[in-house]
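Reading the structure
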Amino acid sequence: MRSSCNFSPDTQGYSPRQPWWRWASGFVVALWCLVAMPSPALAQLSPLASVTEIITTSQAAVVTAYPGAPYANPCDATDSNAPGGSGFANCTALGTVNLTFGGGAEVVLEAVIAAGSRFEPARELLPPAGLPERIVFRRNGPNVGTGGAQRDQLFYASVSANPSDIVLSPGEQNNPDLALLSRSINRGIDNVFNNVSVSTNNQDTRNNIERIDYLIGNPGVTLLATEVGDVGFLIQERGGNDAFAIAAVTAVDPGTGAPTAYGPLVQVTANAWGGSGNIGVNFPSVVLRRDDPANAAPQFRPTHPVPEQNVRGIFFPINSLLPAPQSTQPFFGYSLFAADVPSGANLVDFATFPTNTVGLGGNAPGGLDLVAGGFGLVRRVTPPPVAAGELALLKRITNLFGPAPLPNFNQVIGDGATLTLLQNNGLGQGIDVINDPPVQTSDGIEYTVYFANSGAGAANNVVLCDQIPIGTTFNPNSFGTGQGIQAIASSAPAGPVVTYTNANDGDPGQFIAPGAALPPFCGVNQGNGAVVVNAGTVGSNQVGLIRFRTTVD
């Protein structure tokens, strides 16, 4: 019997900034039929599911420091040591503070548990790593920044926050769009839809954001009827105590990419986040505000600290946003709305939304504290069967060619019997995701798939298949002319590194070109080619790897 240990296409850590025209130009005319479809009744929708566990890994953050940085003006000058106090003591009078980004780690989302199942980024459906291709903040009304400038704000998990030193865990990110597209989960936006409320402590989080669009490029994503309960979107919040609304985008303008049609508006109550307490991620945070894009560094400045809160999440399967038959037709992402946008509102015209949305106080309709890193398309994961033994696969990014400075690829992330066996054999190095530096067109990415059998019996007839990530091209000469595959065959201790040719010849490896048929055990053919290696029998306590490189399109 053949043991088919397959990998779906994995663009984990690959985040090219693709220009809009690259996917707008591929618009499918047939999608226009969706524009005229009536909004279906909410009674046809399936239920959402609260997240019961958040699974993460840590990655070293890039450090940037600003000695004597100014506070935001205004800022919360409440003495944090006083009863009920939550601010920076005398921040207005003090004027400056030593501000450090990257003083801790990037907490990177790997998976969540919801409705008793594990959900991971749907890497085979869209790059990068199942995330939407772009985020757009739709604004209405006057800007509330300095001199009428646009106001932006982000919160960061903090290591310390006092009148002389503020140390923030994740690295600095001055682009809110990229901050939310990142998989780092210890960053986000405070009171995202608040446009009127200012606290008595000068915690001014007002903004003019009315809608947030998470957009997938043309031709969108189309699911089978058997997938609509297993694939969907993940929304996460610091605190998990605010109401909001969500709707799937069912059509976009081919020129601008802006939504032109939606499924029904789904109102989400404050108690939908489910439960309380730490389900995997919790942290105190500091809110930073940018009132003027022309600010000298740092652009974002501290406004107030927030006590420790837990991150909570909600999984929205596609059939909770779109009923049949719409759930099996193309969709293009989703939009988030304040909780006071009424059902039946014209969701395309955000200028008609309420502009008196409060954002402070319990269950305020504009108080959503969005956490970055959890907005992508996720899929229910069923562990693949193996023939025998305890064979496990571990995929890592092990090198990057082009940008600088490079992350530390020598670290070993995770734990468990598989990792221990690999480490005992000098293997397992690499990282799960690259947040910094940004990966650009023509850069190279090296992927390594480690395998290990930590069981007592042998795993027989093992064939490994890894489809090339969408948005990248297989490098056929990475390790020599016509040799694009590197490997360590099944061994204990780990044997030497060898190279395989791309052709289907006498060695165990081959590259199957884009568009060609794939063996059934590779899964759904994504049309971008695949590396296939016959690992044969993997004996007890044996390890090995396959490695290949791609170029970002």
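Since the structure is predicted, the reported quantities are computational estimates derived from the model, not experimental observations.

1. Quick word on unusual backbone geometry
- Cis rather than trans, the peptide bond between Asn218 and Pro219 has omega equal to 10°.
- Its place among the elements puts Pro219 in the loop between strand E11 (209-215) and strand E12 (231-238).
- That bond from Ala404 to Pro405 is cis: its omega, -5°, falls within 30 degrees of zero.
- Relative to the elements of secondary structure, Pro405 occurs in the loop between strand E21 (391-401) and helix H5 (417-424).
- If you check the backbone angles, Asn202 has positive phi at about 65° while not being a glycine.
- Within the secondary structure, Asn202 is located in the loop between strand E10 (187-189) and E11.
- Of note in the backbone geometry, Asn541 takes a positive phi value of approximately 65° without being a glycine.
- By the element assignment, Asn541 lies in the loop between strand E28 (530-538) and strand E29 (543-552).
- The exposure class of Asn541 is partly exposed, given its relative accessible area of 41%.

2. Concerning the state of the cysteines
- A complete count under the given rule lists 2 disulfides for this structure.
- Shown here is the disulfide that connects Cys75 with Cys91, its sulfur atoms set 2.0 Å apart. Between Cys75 and Cys91 the sulfur-sulfur dihedral comes to about 110°; the bridge is accordingly right-handed. Residue Cys75 is found in the loop between strand E3 (64-70) and helix H2 (91-94), and its partner Cys91 is found in helix H2; the two are separated by 16 residues along the sequence.

Rules behind the numbers
Residues numbered from 1 in each chain as written. Predicted model: local features only at pLDDT ≥ 70, side-chain atom pairs only at ≥ 80, totals over all residues. Heavy atoms only, no water. Helix = DSSP H or I, 4+ residues; strand = E, 2+ residues; numbered from the N terminus. Buried < 20%, exposed > 50% of the residue type's maximum accessible area, 1.4 Å probe, protein only. Disulfide = S-S within 2.5 Å.

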